[in-house]
Amino acid sequence: MTRTTARLGRALIGAGLACALGLSLAACGPSGGQSGDSGASGSTGGDKVVSMAFRTPNWILPISAPGFTQGENAIFGTALYRPLYNYKLASESNHHIDLDKSLGEAPTFSEDGLTMTIKLRDATWSDGKPITTRDVEFWWNLVTNNKDKWASYRKGAFPDNIAKFAVVDEHTFTLTTTQKYSPGWFVGNQLNKISILPQHVWDKTSADSQVGDHDRTPAEAVKVFDFLTEQSKDLSTYATNPLWKVTSGPWQIASYVPNGQVELVPSPTYWGADKAKVSKLVLRPFTGDDAEFNVLRAGELDYGYIPASNVSQVSYMEGKGYTVDPWYGLSITYIPFNFANPKTGPIFKQKYVRQAMQQLIDQPTISEKIWGKMAAPTCGPVPQPADKMGTMDGCAYSFDPAAAKKLLEDNGWTVVPDGQTTCTKPGTGAGQCGADIAQGTPLTFKLISQSGFSATSKMMAEIKSQMAKVGITLEIQEVPDSVSVSQKCEAGAECAWDLSFFGSQGSWYFPVYASGERLFATDAPVNLGLYSDAKADQLIEASQFSDDAAALKAYNDYLAEDLPVLWMPNPVYQISAYKKVLQGVAPQDPLNLMYPEDWSWK
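Keep in mind that what you see is a predicted model, and the values were worked out from it rather than measured.

Participant: Can you tell me about the overall build of the chain, naming the residues and giving the values?
Facilitator: Helices and strands together make up the secondary structure of the chain, namely 16 helices and 24 strands. Against the 2.2 N^0.38 benchmark of 25 Å for 602 residues, the chain shows a C-alpha radius of gyration of 25 Å, consistent with a compact globule. Here the C-alpha coordinates of the chain stretch approximately 80 × 60 × 40 Å along the principal axes. Taking all 602 residues of the chain together, 57% fall into the buried category. Once local pairs closer than 6 in sequence are excluded, the contacts in the chain between residues at least 24 apart make up 66%. Entry remark: accessible area of the chain is about 22,700 Å², with carbon and sulfur atoms responsible for 51%. With 51 positive and 63 negative side-chain charges, the chain shows a spacing of 3 Å between the two charge centroids.

Participant: Tell me about the state of the cysteines, and name the residues and values.
Facilitator: With the rule as written, the count across this model stands at three disulfides. Across the disulfide from C379 sits C395; the S-S distance is 1.8 Å. The disulfide joining C379 to C395 has a torsion of about -55 degrees about its S-S bond and is therefore left-handed. A residue pair is termed long-range when its members are at least 10 positions apart, and C379 in the loop between β13 (375-376) and α13 (401-409) and C395 in the loop between β13 and α13 qualify at 16 residues.

Participant: Mind laying out the packing of aromatic side chains, listing which residues take part and the relevant values?
Facilitator: For any two aromatic rings, the description comes down to two numbers: the centre-to-centre distance and the angle of the planes. Per the stated rule, a full pass over the model turns up 29 aromatic pairs. Where Y181 meets F186, the ring centres are 5.3 Å apart and the plane angle is 45 degrees; that geometry is what we call tilted. In terms of burial, Y181 and F186 fall into one category: buried. Within the aromatic cluster, the residues linked to one another by ring pairs are W139, W140, W150, F158, F165, F173, Y181, W185, F186 and F545.

Participant: Describe in detail the nonpolar core, supporting the description with residues and values.
Facilitator: The biggest cluster of nonpolar side chains holds 152 residues, and the ones touching the most others in it are L175 and L191. Contacts of L175, omitting those with residues within four sequence positions, involve L114, T115, M116, I118, W140, F158, I162, K164, F165, L191 and I194. Core analysis: the next-biggest nonpolar cluster, separate from the first, contains 17 residues, L301, I306, V572 and A577 among them.

Participant: Describe in detail the sheet that holds strand β4 (residues 162-169), supporting the description with residues and values.
Facilitator: The four strands are arranged β2-β3-β5-β4 in an open sheet whose pairing can be described as antiparallel. The sheet terminates laterally at β2 (108-109) and β4, the two strands that pair on one side only. Pairing of strand β3 (residues 115-119) with strand β5 (residues 172-177), which is carried by five bridges, proceeds in the antiparallel orientation. Residue pairing for β5: T115 is matched across the bridge by T176.

Participant: Which residues make up the environment of P480, and what values do they have?
Facilitator: Secondary-structure assignment places P480 in the loop between β17 (473-479) and β18 (499-500). Measuring from C-alpha to C-alpha, the distance between P480 and F453 comes to 9.8 Å, with 27 residues separating the pair along the chain.

Participant: Describe helix α7 (residues 218-232), naming the residues involved and giving the relevant values.
Facilitator: With 15 residues, α7 ought to run about 21 Å at 1.5 Å a step, and its terminal C-alpha atoms sit 21 Å apart, in line with that. Along α7, the residues that are buried comprise A221, V224, F225, F227, L228, T229, Q231 and S232. For α7, the elements touching its buried residues are α4 (133-144) and α6 (199-202).

Participant: Give me the lowdown on unusual backbone geometry, citing residues and values where you can.
Facilitator: Omega for the peptide link from F158 to P159 comes to 5 degrees, which places this bond in the cis form. Summarising the element assignment, P159 is placed in the loop between α4 and β4. Following A586, the chain continues to P587 via a peptide bond in cis, the omega torsion being 0 degrees. Even without glycine at this site, N259 takes up a positive phi of about 60 degrees. If you trace the backbone, N259 turns up in the loop between β6 (251-256) and β7 (262-266).

Participant: Which residues make up the pattern of salt bridges, and what values do they have?
Facilitator: Across all of its chains, the model carries 26 salt bridges by this definition. For R82, the salt bridge identified is with D274, shortest N-O distance 2.9 Å. Taken together, the residues R82 in the loop between α3 (71-80) and β2 and D274 in the loop between β7 and β8 (280-284) connect sequence positions 192 residues apart. For D274, a relative accessible area of 7% translates into the label buried. Here R134 and E137 are joined by a salt bridge, their closest N and O atoms 3.3 Å apart. Of the two residues, R134 and E137 both sit in helix α4, three residues apart, roughly one turn of that helix.

Participant: Help me get a handle on the sheet that holds strand β16 (residues 444-450), residues and values and all.
Facilitator: If you trace the three strands from one edge of the open sheet to the other, you get β17-β16-β18, paired in parallel fashion. In this open sheet, the two edge strands, each paired with only one partner strand, are β17 and β18. In the sheet, β16 pairs with β18 via two bridges, with the strands oriented parallel. Each residue of the ladder has a partner; that of L447, found in β18, is L499.

Participant: So what about the side chain of Q358? Which residues, and what values?
Facilitator: Of note, Q358 is situated in helix α11 (residues 351-358). Given a relative accessible area of 3%, Q358 falls into the buried group. Not counting chain neighbours up to four residues away, the residues in contact with Q358 comprise Q363, Y397, L563, V565, L566 and W567.

Participant: Summarise the confidence of the model for the chain; cite the residues concerned and give the values.
Facilitator: Fine structural detail should not be taken from predicted coordinates in areas where pLDDT scores are low. When pLDDT is averaged across the chain, the result is 90; 92% of the residues are at 70 or more. Counted against residues more than four places away or in other chains, residues 1-42, with its pLDDT under 50, gives 176 contacts.

The rules behind each value
Residues numbered from 1 in each chain as written. Predicted model: local features only at pLDDT ≥ 70, side-chain atom pairs only at ≥ 80, totals over all residues. Heavy atoms only, no water. Helix = DSSP H or I, 4+ residues; strand = E, 2+ residues; numbered from the N terminus. Rg over C-alpha atoms; globule rule 2.2 N^0.38 Å. Buried < 20%, exposed > 50% of the residue type's maximum accessible area, 1.4 Å probe, protein only. Contact = heavy atoms within 4.5 Å. Areas by Shrake-Rupley, 256 points an atom, 1.4 Å probe, with all protein chains shown as cover. Lys, Arg positive; Asp, Glu negative; His and termini not counted. Charge placed at Lys NZ, Arg CZ, Asp CG, Glu CD. Disulfide = S-S within 2.5 Å. Phe/Tyr/Trp six-rings, centres within 6.5 Å; stacked < 30°, edge-to-face > 60°. Core = buried A, V, L, I, M, F, W, Y, C linked by side-chain atoms within 4.5 Å. Pairing = 2+ DSSP bridges. Expected span 1.5 Å × (residues − 1). Salt bridge = Lys/Arg side-chain N within 4 Å of Asp/Glu carboxyl O. pLDDT = per-residue confidence, 0-100.

Put into structure tokens, the structure is as follows:
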């Protein structure tokens, strides 16, 4: 999931997550390389046209490619091509599968838990041909023979963890895994990668070649993949190329201007029950937040967003006939401790220090006063359910400066409010500072933070002030890219950062199943602070491989309390604004997809 510069945190941290996986509108902020504002006017609500702020998609092939994983491409692709599974977190359906918007029925599992049987729904391509398992096989052959070109591929994960793919009949196929996984994890975080492609149209190696069974030969599968990739890069033909005329989703392309406006219209032969209710969708790119907001204020957009710098305009926009709707994502925000820093790492390894620091962060007040209620507390590694969002429900620690002061004093530190607290009782016994902490060691830390976000700057100033009241000194350094200067420490290399914040727009966006194998497991790829805890590793593994639905909660509860990071207020993905007469927009998808086919004019 990913965004643009304004979504920097997610883009850099969450490759494959928020930004890499994710989806965004023009709300991503300045849209480098775009031609500027389009000239279309907003709809009046009576002509059934919807105009919306949206960056120009630049990838149409429903197989993700490196460099083309921006969120707008995922939304665009889902509008044209239904995947095996879409998801709806708020639903009670099996594994949260949104059956109305999926080509597959919910999988069934063999008794040993290794084999999934998946049936396809009765569906057709826009040219009337049935969608069958031959189309699934086509996708399988393309990705398994071109893994190095597939952005969703990670070594050892899907499809490496599949021992056997087998077609049973025209509507049924099976997948057998190399080991038993948690069904929830596999359905939500692995099967979400499967696309279904029109083999009867796309299985060719050039524009002039005949459609055949090229994909069934590895060398030819490479040629087919390369041909489709080349065609997808030719933006100027998106509205005319015969390849892209055959779709499985509710929309088709009416017009496409590279780096400009895109128009989608309902597919007249769409097979699903969720047919589009408006006559046209006009996607309008903007060169930046100010340009977008000026058009929105003028009432010339049906769906747009209020930039964070204009949050004070919420009431004005509501008075202009817009619904203002903060868009919360399935995400968390946090500050990693650098446990590998040779100087301050030993301090962070003392749990009481982490607890004291967490108790000095007033998440509810920061969310309300600094973020203007456009942020919600993070309580642990698993995002809160929607009905708990904005509360401290599930948080192991509340704002409690007195408790923080007592924790430090009870463990060998002489607290000097508004001064410098130091260790005065070194050692590893009761009431002493802990291992590798010398006499006179100060609680002074360098915190790398993001520049360019006024709310973030104010939040850091507030936290610095609270820390100072118990003699903890924060030296805050704001940089444009806080991630690049707070990477994992390597042996023998300089390692100077203590704490890092990159969550001005959310640090980490999850797929359906919010497991932590990439974040908090020992040696995990995005475990920047090198947190390592044996019990946490066991719980993370259980959440990934156990069929016990309680495993994810056990993992969350332990890490929420153990504090591998400092939990921070989590800003919304964006502050959406849409005309009150536009129905069906809410609730906005926490996975950051959007489905305009569900929208209608009142």
